[in-house]
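A look at the structure
So the chains spell out like this:
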Amino acid sequence: MLPKLKISALLLKRLEQVKQQCSGCLFGVFYGEGTLLLLGFNVESTIGQLNYEQIQHKFPAEVDLCGLVKFGDCSDAEAHLSEVFKDVDITDNPILLHCELGTLVGLKASFLMHGKLEHVPYEVMDEDQLYRDFCFTRLKCSWTIYTEDNALSVRREMHALRKTISGGSIAFNVQPTKVFITNGGAQGTPYSGHKGTINNDSYITEVISSVQAAVHFGQDNKENVAEKKSKKTSQSDIKLSNIYGALGCEFDVINIEVLRSKTREFSDADNTTNTLPSMSMCLKPAEKRFAVPVELEPMAILNKNIKVSRLYDILIESICRSLRLCEQSISESLEESQSNKLRVPKVYNFYPKEFGHFISCCYLDNISDDDASMQNKRKRLHRHSGLPVTRPYFRRTNVCIFRNEISTQEPLLNTHVGLKASGVSEGKQYLVQGYYHYYHYLQQQMQDNGWGCAYRSLQTICSWFLLQGYTERAVPTHLEIQQHLVKIGDKPLSFKGSSQWIGSTEVGMCLQGFLNVESKIQHVTSGGDLSTIASDLAMHFQTQGTPIMIGGGVLAHTIIGIDYNVQTGQIKFLILDPHYTGEDDLQIIQSKGWCGWKGMDFWDKKSYYNLCLPQRPIMF
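Now for a description of the structure that goes with this document. Because the structure is a prediction, the values reported are computed rather than measured. (Residues numbered from 1 in each chain as written. Predicted model: local features only at pLDDT ≥ 70, side-chain atom pairs only at ≥ 80, totals over all residues. Heavy atoms only, no water.)

Hydrogen bonds along the backbone pair up the strands of a sheet, which may run parallel or antiparallel. Taking strand neighbours across the sheet as the criterion, the eight strands line up as β7-β6-β5-β4-β2-β3-β1-β8 in an open arrangement whose pairing is mixed. Looking along the sheet, the strands with just one partner apiece sit at the ends: β7 (116-119) and β8 (122-125). Averaged over all pairs of adjacent strands, the angle between strand axes in this sheet comes to 35°, irrespective of strand direction. In this structure, strand β1 (residues 4-8) lies alongside strand β3 (residues 35-41), joined through four bridges in parallel fashion. The residue of β3 that forms the bridge with Leu5 is Leu36. (Pairing = 2+ DSSP bridges. Helix = DSSP H or I, 4+ residues; strand = E, 2+ residues; numbered from the N terminus. Axes fitted to C-alpha atoms, helices over the stretch in contact; angles between N-to-C directions.)

This is the structure:
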């Protein structure tokens, strides 16, 4: 019987972008009663076993090689499938997608059955359905390996570690519940006294409910009686995507703690308490071995309707994939380098919006993202993934931001999310792309009320470039901004430490000096003429996606989007107002309009305006 085929809508969009004749491996999830969901692919002119393995280790556990995609000529498809899958045990019936170049018209899907291709229909799964049907697990753990400074020794020690981990010596705790997963089964409750239990016959949906119950119980215990009566929250109101999920997607994420067995003796290699990313040398007879900490963040994708009985093996596989990534990075470094210097590996998770799933990369310490070897590594990954090399996706600063790890000391992120509609009839929204921090008056103990609005707008723009991976430089302070303007000769020495305003031109100078970012400066003779540049603003948000600083009179604001009806000319501006002086309370900021939609009457018709439109650098 042929499997039922589903294809992620995001994958189809990526396939449509391929404009050259080539082949690629397809990766997907098998679940339910013979259903295959295609999630990812890689592009190569030639496909081989090594390539498939290198790519697969970057995917979350449960995402496996399942077929090939051919762009253009498809005459050798059956032989190609047989060659790639001759030593692969994941599926007996690999799938073939045949795409024309640059279009989804005529896309054909076939399974290889008994040496022949059998056509099969497919369903398209959109993002919302992905979020409803699937979730991710996330672990954070580390081990130490003792190895000599050569690739052979690293591979041997990594293999031994994977074997130990797969031997049943570890268990897992679903956070923040009292549900435990061992190689003997699953058992537990959300919290002490709760009647519902989890066992091997439970489904992942029940695990999610247990986490929701534990979170709700914890919130209830923190609130007083009056707050409980006023809020009337229920367990079903709690979304794990809003608590533990990653910014940029709505997947539920289950955080899981790794537990070590106390029933046998462990060496220092098994101790991960407060592990620091540093190495020490261990001298033994006739050999020189190094203690190398290995820092992991394994992930796995789960269909919410699978049974908990499968969870232990899936979590073990997710750890083993991360270890293989580390082994690959260390070995490549030793084989390519003349110094034979061991470096500490660390696994990072990324979530490119185009993918609809996480991707893991392992990077070694003390090697900058701008190092030639790192650039080559990322260039290969961009090529394999069909991504352009004009913007960063896999720099360390692109790493996933998980909501439960966002610092309360930092300004709010993306304060426009959740705003009510603008009210523009049949308008089209053009919004900032990615993430930014909301900087406003009186933050960081800076008494800038009345003069610092343009500084704050500049800080918001700098945070955008930091969060999108274009820079590692921290957001500049008011004093650093002033020092730079004095240094380049734009301001006198007396400007440093003063309370003097800056405008859009100075903002552009600082972006150039701090981040090497070019900006376009656009002039408008009065606030009443801002609607005349609506198409320019729409094009900016489509192509650049950066926040815009606008200054007029004695005020500066940040434009982070527009809603525009090109037929009627009606327009509203999404404004981030730096003049706010209160606490970082999102409800107040949105309800009081400090971040909100503004019409043409917001602008002063007697003042001219200058706009600073930052441009994305070309980098990867």
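By the definition in use, this model includes 20 salt bridges. The partner of Asp201 in a salt bridge is Lys307, and the shortest N-O contact between them spans 3.8 Å. Of the two residues, Asp201 is situated in the loop between β14 (198-199) and α6 (204-222) and Lys307 in the loop between β18 (299-303) and α9 (311-336); the sequence distance between them amounts to 106 residues. Residue class for Asp201 comes out exposed when judged on its relative accessible area of 54%. A single salt-bridge network, built from bridges that share partners, covers Asp64, Glu317, Arg321 and Arg324. (Salt bridge = Lys/Arg side-chain N within 4 Å of Asp/Glu carboxyl O. Buried < 20%, exposed > 50% of the residue type's maximum accessible area, 1.4 Å probe, protein only.)

Here we take up the environment of Tyr564. Positionally, Tyr564 belongs in strand β24 (residues 555-564). Considered as a pair, Tyr564 and Ser425 are 139 residues apart in the sequence and their alpha carbons are 8.8 Å apart. Setting aside its immediate chain neighbours within four residues, Tyr564 contacts Gly427, Lys428, Tyr430, Ala534, Ser535, Gly569, Gln570 and Ile571. (Contact = heavy atoms within 4.5 Å.)

Moving on, we get to the nonpolar core. The biggest cluster of nonpolar side chains holds 93 residues, and the ones touching the most others in it are Phe172 and Phe394. With twelve residues, α9 is the largest single contributor of residues to this core. Those residues in contact with Phe172, other than ones at most four positions away along the chain, are Leu139, Val179, Phe180, Ile181, Ile256, Glu257, Val258, Leu259, Tyr312, Leu315, Ile316 and Ile319. (Core = buried A, V, L, I, M, F, W, Y, C linked by side-chain atoms within 4.5 Å.)

So, about the packing of helix α11 (residues 453-467) against helix α12 (residues 478-487). Packing of α11 against α12 leaves a shortest axis separation of 10 Å and a crossing angle of 95°. Here α11 lies roughly perpendicular to α12, going by the angle between them. Along its contact with α11, which presents Tyr455, Arg456, Leu458 and Gln459, the element α12 presents His478, Ile481 and Gln482. (Parallel < 35°, antiparallel > 145°, perpendicular 65-115°, else oblique.)

For Lys58, the position within the fold is in the loop between α2 (49-56) and β4 (64-71). Among buried charged residues, Lys58 stands out as having no salt bridge; its nearest opposite-charge side chain is Glu332, 7.8 Å away. Among all residues touching Lys58, those that are not within four sequence positions of it are Leu325, Phe358, Ile359, Ser360, Cys361 and Leu381. (Lys, Arg positive; Asp, Glu negative; His and termini not counted.)

Across the two faces of strand β12 (residues 178-182) the burial differs, with Val179 and Ile181 buried and Lys178, Phe180 and Thr182 not buried at all. With three bridges joining them, strand β11 (residues 170-174) and β12 adopt antiparallel strand pairing. Across the sheet, residue Val174 finds its bridge partner in β12, namely Val179. Hairpin connection between β11 and β12: a loop of three residues separates the two successive antiparallel strands. As defined by bridge partners, β12 adjoins strand β13 (residues 185-189) across five bridges and the pair is classed as antiparallel. Bridge pairing in β13 links Val179 to Gly188. Here β12 hands over to β13 after two residues, the two strands then running antiparallel side by side.

So, on to the packing of α12 against helix α13 (residues 504-515). It is the contact of α12 with α13, at a shortest axis distance of 10 Å, that shows an interaxial angle of 90°. As judged from the angle between their axes, α12 and α13 are roughly perpendicular. In this structure, α12 contributes Glu480, Ile481, His484 and Leu485 to the contact, and α13 contributes Glu506, Met509, Cys510, Gly513 and Phe514. Here the contact of α12 with α13 is built from residues that sort into five nonpolar, two polar and two charged. (Nonpolar A, V, L, I, M, F, W, Y, C, P; charged D, E, K, R; others polar.)

Applying the stated criterion across every chain yields a total of 23 aromatic pairs. Arranged with centres 4.9 Å apart and planes meeting at 80°, the rings of Trp464 and Phe465 form a pair that is edge-to-face. An identical accessibility class is assigned to Trp464 and Phe465; each is buried. Geometrically, the ring pair formed by Tyr580 and Trp594 is tilted, given 5.4 Å between the ring centres and 45° between the ring planes. (Phe/Tyr/Trp six-rings, centres within 6.5 Å; stacked < 30°, edge-to-face > 60°.)

A few words on helix α14 (residues 534-543). Of the positions making up α14, those classed as buried are Ala534, Leu537, Ala538, His540 and Phe541. Buried residues of α14, viewed axially, fall in a sector of 160°; they line one side. Each element contacted by the buried residues of α14 is listed here: β21 (428-431), β23 (548-552), β24, β25 (571-576) and β27 (609-614). Where α14 terminates, the next one or two residues include Gly545, which has phi positive at roughly 75°. (Arc of directions from axis to C-beta.)

Quick look at a nonpolar patch on the surface now. Taken together, the side chains of Trp501, Val554 and Leu555 present a nonpolar region at the surface, about 310 Å² in accessible area. Along the chain, Trp501 turns up in the loop between α12 and α13. For Trp501, a relative accessible area of 47% translates into the label partly exposed. (Patch = residues over 30% accessible without salt bridge, like charges linked within 9 Å, V, L, I, M, F, W, Y side chains within 5 Å. Areas by Shrake-Rupley, 256 points an atom, 1.4 Å probe, with all protein chains shown as cover.)

In short, the description is geometric, and any link to function would need to be established separately.
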